[in-house]
Amino acid sequence: MSTGPLMPKATAVWLVENTALTFDQIADFCKLHPLEVKGIADGEVAAGIKGLDPTVNGQLTREEIARAEANAAYRLRLAPPKVKLPEVKRKKGPRYTPVSRRQDRPNAILWLLRNHPELKDAQIMRLVGTTKTTIQQIRDRTHWNAAHLTPMDPVTLGLCSQIDLDFEVARAAKDRPQVAPESDQTLLPAEVTTAPEEEVQPFGDTSRPRREEEEKLDVDSVFAKLKQLKRPDDEEDEEL
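Residues numbered from 1 in each chain as written. Predicted model: local features only at pLDDT ≥ 70, side-chain atom pairs only at ≥ 80, totals over all residues. Heavy atoms only, no water.

With that out of the way, let us pick up the confidence of the model for the chain. Per-residue pLDDT for the chain has a mean of 78; in total, 65% of the residues score no lower than 70. Averaged over each element, pLDDT in the chain is lowest for helix α12 (residues 232–239) (53) and highest for helix α5 (residues 105–115) (93). (pLDDT = per-residue confidence, 0-100. Helix = DSSP H or I, 4+ residues; strand = E, 2+ residues; numbered from the N terminus.)

Laid out in structure tokens, this is it:
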């Protein structure tokens, strides 16, 4: 759908007074109803409005008007603008929150502070549509209704979408610095760390040689004690 001219009623007044265009052609060009254009011609509508020449402001050419006057079925077209104005970018402000949901914003802020402490205040402001002062008051428990606040998911409350929440959480996790490990040493197995001191063997299993040496020492000591306990009668029998 094409846009109409600036000040459509003033343009229609000028076209009615200065051209031989039909009511339908003027109505189509000015985006008005044909009966409204007829009322302008009869003086019943737009009384006191001064006509605006569309050829002066470059919205219509004389050739276009002559072509339309020669053919009643022809529809007027706006002339292309000679100067292209840059598109005005709308600044991003706080998210609009419906009036019925505004009382739930403190609960949503409390939920975000508890479940996603990595989020910055600016991210919470974008998600919920609140102010930095309110966030600080809820964080410090100085909010006027702090005693009755209940943490509630902003997605469930309809204050933001799950996609927006996941996006902000992922951005906060990406901006968080990674913690490097303190050292390259690996932990010993639990069997080693929980074993008694005499059984801790970090350099290998050396229990078998120790046990064999202890057994040899025990056998030698036993035989030595037996030799000392021999009776004198046994020594006499050996001499005989």
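A word on the environment of N18. Within the secondary structure, N18 is located in helix α1 (residues 8–18). Reaching out from N18, the side chain makes a polar contact with the backbone oxygen of W14 at a distance of 2.8 Å. (Polar contact = N/O pair within 3.5 Å; in protein donor to acceptor, adjacent residues only side chain to side chain.)

By the definition in use, this model includes six salt bridges. The salt bridge partner of D53 is R62, with a shortest N-O separation of 3.9 Å. With a relative accessible area of 14%, D53 lands in the buried category. On the accessibility criterion, R62 (51% relative accessible area) is exposed. We note a salt bridge from R139 to D121, for which the minimum N-O separation is 2.9 Å. Note that R139 is positioned in helix α7 (residues 132–139) and D121 in helix α6 (residues 121–128), a separation of 18 residues in sequence. A relative accessible area of 36% places R139 in the partly exposed class. (Salt bridge = Lys/Arg side-chain N within 4 Å of Asp/Glu carboxyl O. Buried < 20%, exposed > 50% of the residue type's maximum accessible area, 1.4 Å probe, protein only.)

Before going further, it helps to examine the side chain of T130. With respect to the helices and strands, the residue T130 is situated in the loop between α6 and α7. Taking relative accessible area as the criterion, T130 reaches 8% and is therefore assigned buried. Once residues lying within four places of it in the same chain are set aside, the contact partners of T130 are R105, I109, I124, M125 and I135. (Contact = heavy atoms within 4.5 Å.)

Core analysis: the largest hydrophobic core is formed by 19 residues, its most contacted members being I109, L112, L119, I124, L127 and V128. Among the elements of the structure, α5, α6, α7 and α9 (162–175) are those that each provide at least two residues to this core. With six residues, α5 is the largest single contributor of residues to this core. When near neighbours in sequence (up to four residues on either side) are disregarded, L112 contacts P117, L119, I124, L127, V128, P154 and L165. (Core = buried A, V, L, I, M, F, W, Y, C linked by side-chain atoms within 4.5 Å.)

This part covers α9. When the terminal C-alpha atoms of α9 are compared, their 20 Å separation across 14 residues agrees well with the 20 Å that a helix rising 1.5 Å per residue should span. For α9, the set of buried residues is L165, E168, V169 and A172. Angular distribution of buried residues about the axis of α9 spans 100°; they occupy a single face of the element. Opposite the packed face of α9, turned more than 90 degrees from it, sit the exposed residues I163 and K174. On its buried face, α9 is in contact with α5, α6 and α8 (154–157). (Expected span 1.5 Å × (residues − 1). Arc of directions from axis to C-beta.)

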